[in-house]
Amino acid sequence: MMRIIRTKDYEDMSKKAANIIAAQIVLKPDSVLGLATGSTPIGTYKNLVEGYRNGDLDFSQVKSVNLDEYRGLPRENDQSYYYFMHDHLFRHVNINLENTHLPDGTEADSEKACMEYEAIIEAVGGQDLQLLGLGHNGHIGFNEPCEEFEKLTHCVNLTQSTIEANKRFFASADDVPKQAYTMGIGTIMKAKKILVVVSGADKAQIVKDAFFGPVTPQVPASILQMHPDVTVVADEAALSKVE
Ligand code: F6R
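Below is a summary of the structure that appears in this document. Keep in mind that this is a model prediction, so the values were computed, not measured. For every chain, the first residue of the written sequence is number 1, and numbering continues from 1 along that sequence. At least 70 in pLDDT is required for a residue's local features to be given in this predicted model, at least 80 for side-chain atom pairs to be given and counted, and no such filter applies to totals for whole chains, interfaces and linings, which use all residues. Neither water nor hydrogens contribute to the side-chain values; these are computed over all heavy atoms in the structure.

**Focus on the layout of surface pockets**
Space inside and on the surface of the protein is sampled on a 1 Å grid over the protein atoms alone, with a cavity defined as a set of points where a 1.4 Å probe fits but cannot get out and a pocket as an open set with protein on both sides within 12 Å along at least 5 of 7 lines; lining residues have an atom within 4 Å of a point. Grid points are joined across faces, edges and corners, and a volume is the space filled by probe spheres set on the points. A volume near 1,000 Å³ is recorded for the largest pocket. The wall of the largest pocket is formed by 35 residues, among which Gly-38, Ser-39, Tyr-81, His-139 and Asn-166 lie closest to the centre. Only DSSP runs of H or I covering at least 4 residues are called helices, and only runs of E covering at least 2 are called strands; the numbering of each starts at the N terminus. Among the elements of the structure, strand S4 (68–70), helix H3 (81–88) and helix H5 (160–166) are those that each provide at least two residues to the lining of the largest pocket. The dominant element in the lining of the largest pocket, judged by the number of residues it contributes, is H5, at 4 residues. Computed from the structure, the second largest pocket encloses a volume of approximately 250 Å³. Taken together, 19 residues make up the lining of the second largest pocket; nearest its centre are Arg-75, His-101, Leu-102, Pro-103 and Asp-104. Mapped onto the lining of the second largest pocket, the elements with two or more residues apiece are H3, strand S5 (100–101) and helix H4 (110–123). Ranked by residue count, the leading element in the lining of the second largest pocket is H4, at 4 residues.

**Quick look at the pairing of strand S7 (residues 154–157)**
Between buried and exposed lies partly exposed: a residue is buried under 20% and exposed over 50% of the maximum accessible area for its type, with that area taken using a 1.4 Å probe on protein chains only. Residues of S7 alternate between two faces, with His-154 and Val-156 buried on one and Cys-155 and Asn-157 left unburied on the opposite face. At least two DSSP bridges between two strands are needed for those strands to be called paired. Here S7 pairs with strand S8 (residues 179–182) via 4 bridges, running antiparallel. Counted as the bridge partner of His-154 is Thr-182 from S8.

**Remarks on the site of the ligand**
The nearness test applies per residue and asks whether one of its heavy atoms lies within 4 Å of the molecule or strand. Taken together, the neighbourhood of the ligand is formed by 14 residues, with Ser-39, Thr-40, Asp-68, His-139 and Lys-203 sitting nearest. Any N or O atom pair separated by 3.5 Å or less is treated as a polar contact, with the protein-specific requirement of one donor-capable and one acceptor-capable atom, and with residues adjacent in sequence counted only for side-chain atom pairs. Lys-203 places a side-chain nitrogen or oxygen 2.8 Å from an oxygen atom of the ligand. When the ligand is considered free in solution it has 410 Å² of accessible area, and contact with the protein chains removes 85% of it. Cavity and pocket membership follows a simple rule, namely that a molecule belongs there if more than half of its atoms are within 2 Å of the grid points. Using a 2 Å cut-off from the grid points, one finds that the ligand occupies the largest pocket. Here the Shrake-Rupley method, with its probe set to 1.4 Å, supplies the accessible areas, and only the displayed protein chains count as covering residues.

**So, the nonpolar core**
The criterion is simple. A nonpolar core is a set of buried Ala, Val, Leu, Ile, Met, Phe, Trp, Tyr and Cys residues joined through side-chain atoms within 4.5 Å. Ranked by internal contacts, the top residues of the largest apolar core, which has 36 residues, are Ile-21, Tyr-45, Leu-48, Phe-59, Met-85 and Leu-89. Contributions of two or more residues to this core are made by helix H1 (10–27), strand S2 (32–35), helix H2 (42–53), H3, strand S6 (129–132) and strand S9 (193–198). Of all hydrophobic cores here, the second largest spans 31 residues; its members include Val-124, Leu-132, Val-230 and Ala-238.

What follows is the structure, encoded as structure tokens:
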């Protein structure tokens, strides 16, 4: 089942998404949260940090597994997703860092990195709630449009356009990672609940295609229509092509 929650703007989206995650933590203090990076969830994390500072939220038993990580970037690189998660959430709350997990981008053996990550997700009991952003082409994690849904954590080659787009964050194009490790569609779909955050008019067409169009690996997020418990929190601009 898919619920769509319409919000006024990005701030309102961030508050409502954080409230849903907060409710999950209150109901089950040792929840396993599947987490995402990117620009969309930054406000959500900000609200969660505020909830912790107010004394409303306790992360001491929370566990986390992130969607993806660049292959070959050291953790201290400010473009790594490890760095992002510490910067936006982990170092501001009382989460036990031993309970936070991302694919190991420093592991050169990609088969090993991916198998180990699947084992970690299984060992913590799977995601109670998986947070997702939505790419302009319908990607979730680094699962790009393709012929067939990829099931498990795997290594992806970044497209030339992604490398070009990310170039500005690095000293040179050569320093941009060429590959990433990402949860597969199957890994994401196993989450008990899924929460998608989307904001902005530039996402309006993909919101329509992904959540109201046919289910196809050409629009990876469309598979979420088959999940039993999905909540999409989207602002008015992102929903402007729906209805
Ligand atoms: C992030 C991720 C990506 C982003 C997507 C949207 O961990 O896996 O799928 O969620 O690219 O990114 P933003 O939020 O920056 O528009």
